[in-house]
Amino acid sequence: MTDPRSTSDFDRLFYEDDPGAPSESAPGRRRPRKKKTGRRVLVGALILVLLAVLGLGAYGFYVANLYDSGKQEVTDEEAFGGARPETSGEGMNVLLLGSDARDEDVDYENSRGFRSDTIMVMHVPEDRSGVQIMSIPRDIWVDIEGHGQAKINAAMSFGGLPLATSTVSDFIGAPIHHVAIIDFEGFQALTDSLGGVEVESEQSFESGGHSFQEGTNTLDGEQALAFVRARKNFGDGDLQRNRNQQAFLSGVMNELISRDTLSNPTRISGIVRDFSPYMTVDSGLSSGTIGSLAYQLRDVRQDDIEFFSAPIGGLGTSSDGQSYLSVDEDELEKVRTAFAEDTVGDYAAQAEIQHL
């Protein structure tokens, strides 16, 4: 079989910046802040962290206040372009986005030039029997309303958070009920608050001045950033990065639900205090909402949290020279059926790991 890395499409897709991204001079774009180390973002642990720490009974009130005072909030108009969808028996879907700028730097309703390079959808079934998290590669080629076909991470730059939300909703064929955004630097603080996180790496590699071995690695915050950001090191680039991010989330959850963490009020308050200032959520994701959800999910264990990826068909090239990931349309219909019928857990259990 031919090595896919020998193809120009593959090299452009995974080893160069997005040629279709709006330029710095795009109309309406705000002047960006100077880049910080760790701007690439991982978001999937956001709600899982809060579920673990806000359902703790008497101490939960203090933790809830830390969360509510630390987080940033966007209105329903800014998040959805109108009223927030209500859940009605199909489970709850939370869009988790990675941000390369802090809340004070971004007009999420009209954020031209802003891209979301990490995209996940967390599904909580109606019976609260588990949690499923689907990673969506940033370069997957989709229809974006009013703009034709483009990479899914361009939706934010074309039409702000409302267009990003509606594009992902169209992709999964189901409503998005909540939105959460986090700056990657929050995960460095989270990792250090936890005293380190153990992750399982599928292969050995080096990134950001750090070396990672195949198998178990114990990471501090700086190492965690390097681990989840690495992309150019791998044969299938962003897909391996997605798998590394999922491995990190699994490690975070293992540490969060450990007796040493949940029985230590000082540690819990430190986690929420350090993490929440990096979060931006819709108005419906208050501590009360999350605390209620945490109680409903009180019987969920680590094995009930499943990760999978959106189905990939292969590589493609657009008419203007952009390399992208095509969608496996037949498999996507199965994904949409699973979201519509609240059977995402069944789909995730049999989903194949995505490779090129």
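Residues numbered from 1 in each chain as written. Predicted model: local features only at pLDDT ≥ 70, side-chain atom pairs only at ≥ 80, totals over all residues. Heavy atoms only, no water.

1. Some remarks on the overall build of the protein chain
(1) Moving on: Helices and strands together make up the secondary structure of the protein chain, namely 13 helices and 15 strands.
(2) Moving on: Per-residue burial over the protein chain gives 56% buried out of 356 residues.
(3) Moving on: Restricting to contacts in the protein chain with at least 6 residues of sequence separation, those with at least 24 account for 73%. (Helix = DSSP H or I, 4+ residues; strand = E, 2+ residues; numbered from the N terminus. Buried < 20%, exposed > 50% of the residue type's maximum accessible area, 1.4 Å probe, protein only. Contact = heavy atoms within 4.5 Å.)

2. Quick word on helix 5 (residues 155-172)
(1) Moving on: Over its 18 residues, helix 5 runs only 15 Å from end to end, short of the ideal 26 Å by more than 12%, given 1.5 Å per residue.
(2) Moving on: Within helix 5, the axis deviates most sharply at Leu 161, by approximately 110°, and proline Pro 162 lies no more than four positions further along.
(3) Moving on: When you tally the buried positions in helix 5, you get 14 out of 18 residues, the bulk of the element.
(4) Moving on: At the C-terminal side of helix 5, Gly 173 shows a positive phi close to 70°. (Expected span 1.5 Å × (residues − 1). Bend = angle between axes of the 7 residues up to and from the residue.)

3. A short note on the packing of helix 5 against helix 12 (residues 329-341)
(1) Moving on: Relative to each other, helix 5 and helix 12 sit at 100°, their axes nearing to 8 Å. The angle between helix 5 and helix 12 places the two elements in the roughly perpendicular class. Together, Asp 170, Phe 171 and Ile 172 of helix 5 and Leu 332, Arg 336 and Phe 339 of helix 12 make up the contact between the two elements. (Axes fitted to C-alpha atoms, helices over the stretch in contact; angles between N-to-C directions. Parallel < 35°, antiparallel > 145°, perpendicular 65-115°, else oblique.)

4. Description of a negative patch on the surface
(1) Moving on: Together, Asp 143, Glu 145, Asp 170, Glu 329 and Asp 330 give the surface a local cluster of negative charge.
(2) Moving on: With respect to the helices and strands, the residue Asp 170 is situated in helix 5.
(3) Moving on: Classification of Asp 170 as partly exposed rests on a relative accessible area of 46%. (Patch = residues over 30% accessible without salt bridge, like charges linked within 9 Å, V, L, I, M, F, W, Y side chains within 5 Å. Areas by Shrake-Rupley, 256 points an atom, 1.4 Å probe, with all protein chains shown as cover. Salt bridge = Lys/Arg side-chain N within 4 Å of Asp/Glu carboxyl O. Lys, Arg positive; Asp, Glu negative; His and termini not counted. Charge placed at Lys NZ, Arg CZ, Asp CG, Glu CD.)

5. Re the packing of aromatic side chains
(1) Moving on: Applying the stated criterion to the full structure yields six aromatic pairs.
(2) Moving on: Look at Phe 205 and Phe 212: their rings are 4.9 Å apart centre to centre, the planes differ by 35°, and that puts the pair in the tilted class.
(3) Moving on: With 5.6 Å between their ring centres and 65° between their planes, Phe 308 and Tyr 347 make a pair best called edge-to-face. One end of the pair, Phe 308, is in strand 13 (residues 305-309); the other, Tyr 347, is in helix 13 (residues 344-350), and 39 residues separate them in sequence.
(4) Moving on: One aromatic cluster is present, formed by Phe 205, Phe 212, Phe 227 and Phe 234 through successive ring pairs.
(5) Moving on: Directly above the ring of Tyr 67 sits Lys 71, whose terminal nitrogen or CZ lies 5.7 Å from the centroid. (Phe/Tyr/Trp six-rings, centres within 6.5 Å; stacked < 30°, edge-to-face > 60°. Lys NZ or Arg CZ within 6 Å of the ring centre and 35° of its normal.)

6. Some remarks on the pattern of salt bridges
(1) Moving on: Going through the model one piece at a time under the given rule, you end up with 10 salt bridges.
(2) Moving on: A salt bridge links Arg 84 to Asp 76, with the nearest nitrogen and oxygen atoms 2.9 Å apart.
(3) Moving on: Arg 273 serves as the salt-bridge partner of Asp 274, at 3.4 Å between the closest nitrogen and oxygen.
(4) Moving on: One network of salt bridges, in which partners are shared, links Asp 76, Arg 84 and Asp 282.

7. So, the environment of Ser 269
(1) Moving on: Counting through the fold element by element, Ser 269 comes out in helix 10 (residues 265-275).
(2) Moving on: Residue classification places Ser 269 among the buried residues on the basis of a relative accessible area of 8%.
(3) Moving on: For the pair formed by Ser 269 and Leu 66, sequence separation is 203 residues and the distance between their alpha carbons is 7.5 Å.

8. Description of unusual backbone geometry
(1) Moving on: Phi at Arg 128 takes a positive value of approximately 55°, unusual for a residue other than glycine.
(2) Moving on: You can see Arg 128 is positioned in the loop between strand 3 (119-124) and strand 4 (131-136).

9. Observations concerning the packing of helix 7 (residues 221-229) against helix 8 (residues 237-256)
(1) Moving on: Look at helix 7 against helix 8: their axes get within 7 Å of each other, and the N-to-C directions meet at 145°. Counted together, Ala 224, Phe 227, Val 228 and Arg 229 of helix 7 and Arg 241, Asn 244, Gln 245 and Phe 248 of helix 8 form the full contact between these two elements.
(2) Moving on: Taken together, the residues of the contact of helix 7 with helix 8 break down into four nonpolar, two polar and two charged. (Nonpolar A, V, L, I, M, F, W, Y, C, P; charged D, E, K, R; others polar.)

10. Topic: helix 7
(1) Moving on: Along helix 7, the residues classified as buried are Gly 221, Ala 224, Leu 225, Ala 226, Phe 227 and Val 228.
(2) Moving on: Turning to helix 7, the residues buried within the fold contact helix 6 (185-193), strand 8 (197-201), strand 9 (205-207), strand 10 (210-212), strand 11 (215-219) and helix 8.
(3) Moving on: In this structure Asp 220 caps helix 7, since a side-chain oxygen of it lies 3.3 Å from the backbone nitrogen of Glu 222. (Polar contact = N/O pair within 3.5 Å; in protein donor to acceptor, adjacent residues only side chain to side chain.)

11. Quick notes on the pairing of strand 6 (residues 148-151)
(1) Moving on: The pairing of strand 5 (residues 141-144) with strand 6 spans four bridges and is antiparallel. Opposite Asp 143, over in strand 6, you have Gln 149 as the bridge partner.
(2) Moving on: Two successive antiparallel strands, strand 5 and strand 6, enclose a turn made up of three residues, where Gly 146 displays a positive phi of approximately 85°. (Pairing = 2+ DSSP bridges.)

12. A look at the environment of Gly 251
(1) Moving on: Tracing the sequence through the fold places Gly 251 in helix 8.
(2) Moving on: Using a relative accessible area of 5% as the deciding quantity, one classes Gly 251 as buried.
(3) Moving on: Between the C-alpha atom of Gly 251 and that of Glu 198, which follows or precedes it by 53 residues, the distance is 5.4 Å.
(4) Moving on: For Gly 251, the residues in contact, after removing those within four places along its chain, are Val 197 and Glu 198.

Interpretation in functional terms is not warranted from these geometric data alone.
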